[in-house]
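# Coordinate inspection notes
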Amino acid sequence: MTPSDVKATLSFSDGSPTMDLPIYKGSIGPDVIDIRKLYAQTGKFTYDPGFLSTASCNSTITYIDGDKGELLYRGYPIEQLAENCDYLETCYLLLKGELPNATQKTDFTKLVTNHTMVNEQMQFFLRGFRRDAHPMAIMTGLVGALSAFYHDSTDIHNAEHRDISAIRLIAKMPTLVAMAYKYTIGQPYIYPKNDLTYAGNFMRMMFATPCEDYQPNDVLVRAMDRIFILHADHEQNASTSTVRLCGSSGTNPFAAIAAGVACLWGPAHGGANEAALNMLEDVRKMGGVEKIGEFIKQVKDKNSNVKLMGFGHRVYKNYDPRAKLMRETCHEVLDALGLHDDPIFKLAMALEKIALEDEYFVSRKLYPNVDFYSGIVQRAIGIPVSLFTAIFALARTVGWIAQLNEMIGDPEYKIGRPRQLFNGATARDVMPIARR
Ligand code: SDX
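A brief structural summary. (Residues numbered from 1 in each chain as written. Predicted model: local features only at pLDDT ≥ 70, side-chain atom pairs only at ≥ 80, totals over all residues. Heavy atoms only, no water.)

Near the ligand you find 23 residues, and of these His234, His313, Arg314, Arg322 and Arg396 are the closest. Between the ligand and arginine 314 there is a distance of 2.9 Å, counted from an oxygen atom to a side-chain nitrogen or oxygen. Look at the ligand: alone it shows 1000 Å² of surface, and the protein chains cover 75% of it. In terms of residue class, the shell around the ligand is made up of 9 nonpolar, 7 polar and 7 charged. (Near = heavy atom within 4 Å. Polar contact = N/O pair within 3.5 Å; in protein donor to acceptor, adjacent residues only side chain to side chain. Areas by Shrake-Rupley, 256 points an atom, 1.4 Å probe, with all protein chains shown as cover. Nonpolar A, V, L, I, M, F, W, Y, C, P; charged D, E, K, R; others polar.)

See the structure below:
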């Protein structure tokens, strides 16, 4: 952190002593005011529910400029990564800070590939679930359960343990998501195949059956790989902050990632792609494009509690760059499948057009986010809606791990323990029950 020559001075109207607060600059983005000594010196906390103005950490991994609609992974624009790299190169970049050369890429790919199988005992956890269990309920359980199989490498303060856990989690998430899917449709699990690419292997574990050969469709595999890249990391979002806070207690990496899976499930976060597609289906049932006006009216009515799912973002106050790339992928996949007249996609584009012109959304800077189009692509590929967020979790696992490892590697890190503004009952005595 680079100290700024500007200081912040805190003064109080009651004549309490003023306090100078240091300001630090990053390489890009907003400066930060260091309030670490505030409570010790003033006896006061800051108050920032939802952390709208709070930087929780000093990171070098992902940078977002919400006004410009810019997203960089280790300095590389997401557009260039989506165009020129695959997901495993992006994983290498997020974990190690640099893109791999050809040899490094080959070695990393081999390492991940050789960890794609899960312990045979894992399948018995699934049997406990109902067949109609939500895949995110299954994934929350399976990811946490992984820690029971690797007692030799759960010390988060041991760099080798962190490295092998990272590889195991990245490698096994596709296998677990595919198992969660196969379980819900009553089909046998398909084992990973080491001669396939990461995304190709996932597609085969999802859609192959023991009864016939499965040939992955290159356009769909590339689209899946791009979905993974676009969802790989995103600064200090809710689930990443959850992973950091959970990991700060020193718990093992699998437990911390399981906490991230649980948080991502929420419809305001990773569950939005499932919610966005369900919303489009609902509008279609209402009557499609002709009924969009009626639906938008509901969204504007605060009492309706209806939101335009897949729109809006805490940081992006411009078009989410991932949504633009996802929309391109939509076109490619729908064309490849001869679905360019897909009514849901047409409805999505009509809804987007209206939202980008309507004062209500424009004034609130509500642009499409990554979740708006990702559901349409996944539905076209044949992924069931209920699995969308599990795939988001699969892709985001590398980001969670990179952020967790960065925190653990930071000599300044402590266990996260926020305070509160208390407005509850002050001290009072318990009365005997006969007198309550
Ligand atoms: C992800 O943080 C990340 O980086 C997350 C993510 C990642 O990669 O990790 O990018 C992934 O979670 C993307 C977001 C997916 N969520 C959705 O698409 C759900 C719909 N979006 C909203 O729930 C909302 O936009 C949030 C939660 C995403 C952001 O909410 P904020 O920043 O807290 O904004 P807000 O709720 O204060 O909204 C500001 C105004 C409000 O209206 P007013 O009170 O000012 O009148 O905009 C309105 C809100 O009611 N608003 C919406 C809306 N989102 C906000 N109105 C209608 N539809 C919406 N989608």
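On we go from here.
A few words now on the environment of histidine 234. Among the secondary structure elements, histidine 234 is positioned in the loop between helix H9 (218-230) and helix H10 (238-247). In the structure, histidine 234 is positioned 170 residues away from isoleucine 64 in sequence and 7.6 Å away in space, judged by C-alpha atoms. Filtering out sequence-adjacent residues up to four positions away, histidine 234 remains in contact with Thr62, Ile64, Leu71, His313, Tyr316, Arg322 and Arg396. Here tyrosine 316 takes part through its side chain, which lies 2.9 Å from a polar atom of the side chain of histidine 234. Of note is the side chain of histidine 234, whose polar atom sits 3.4 Å from the side chain of arginine 322. (Helix = DSSP H or I, 4+ residues; strand = E, 2+ residues; numbered from the N terminus. Contact = heavy atoms within 4.5 Å.)

To continue, consider the packing of aromatic side chains. In total, this model carries 14 aromatic pairs according to the counting rule given. Ring plane angle 25° and centroid distance 5.5 Å describe the contact between tyrosine 150 and phenylalanine 254, whose orientation is recorded as stacked. Within this pair, whereas tyrosine 150 is found in the loop between helix H6 (135-145) and helix H7 (159-185), its partner phenylalanine 254 is found in helix H11 (residues 253-264), the two being separated by 104 residues in sequence. One exposure class covers both tyrosine 150 and phenylalanine 254, and it is buried. (Phe/Tyr/Trp six-rings, centres within 6.5 Å; stacked < 30°, edge-to-face > 60°. Buried < 20%, exposed > 50% of the residue type's maximum accessible area, 1.4 Å probe, protein only.)

A separate point is the packing of helix H12 (residues 272-286) against helix H15 (residues 343-357). The N-to-C vectors of H12 and H15 enclose an angle of 95°; their axes lie 10 Å apart at closest approach. By the angle class used here, H12 and H15 are roughly perpendicular. Between H12 and H15, the residues in contact are Leu277, Met279, Leu280, Glu281, Val283 and Arg284 and Pro343, Ile344, Leu347, Ala348 and Leu351, respectively. Taken together, the residues of the contact of H12 with H15 break down into 9 nonpolar, no polar and 2 charged. (Axes fitted to C-alpha atoms, helices over the stretch in contact; angles between N-to-C directions. Parallel < 35°, antiparallel > 145°, perpendicular 65-115°, else oblique.)

This brings us to the sheet that holds strand E1 (residues 2-10). Spatially, E1-E2-E3 is the arrangement adopted by the 3 strands of the open sheet, whose pairing is antiparallel. On the outer flanks of this sheet lie E1 and strand E3 (32-33), each paired with one strand and no other. (Pairing = 2+ DSSP bridges.)

This paragraph deals with the sheet that holds strand E6 (residues 76-77). Sheet architecture is open: 3 strands sit in the order E4-E5-E6, paired in antiparallel fashion. The open sheet has two edge strands, strand E4 (62-65) and E6, and neither has a second partner. Note: E4 against strand E5 (residues 70-73), 4 bridges, orientation antiparallel. Looking at the pairing, aspartate 65 lines up with glutamate 70 of E5.

Grouped together as the largest cluster of nonpolar side chains are 118 residues, with contacts concentrated most on Phe202, Met224, Phe228 and Ile381. Among the elements that make up this core, the one with the highest residue count is helix H18 (residues 388-408) (14 residues). Excluding residues within four positions of it along the chain, isoleucine 381 makes contact with Met203, Phe207, Leu220, Ala223, Met224, Ile227 and Val333. Counting 5 residues, the second-largest nonpolar core is a separate cluster that includes Met19, Leu21, Ile23 and Leu38. (Core = buried A, V, L, I, M, F, W, Y, C linked by side-chain atoms within 4.5 Å.)

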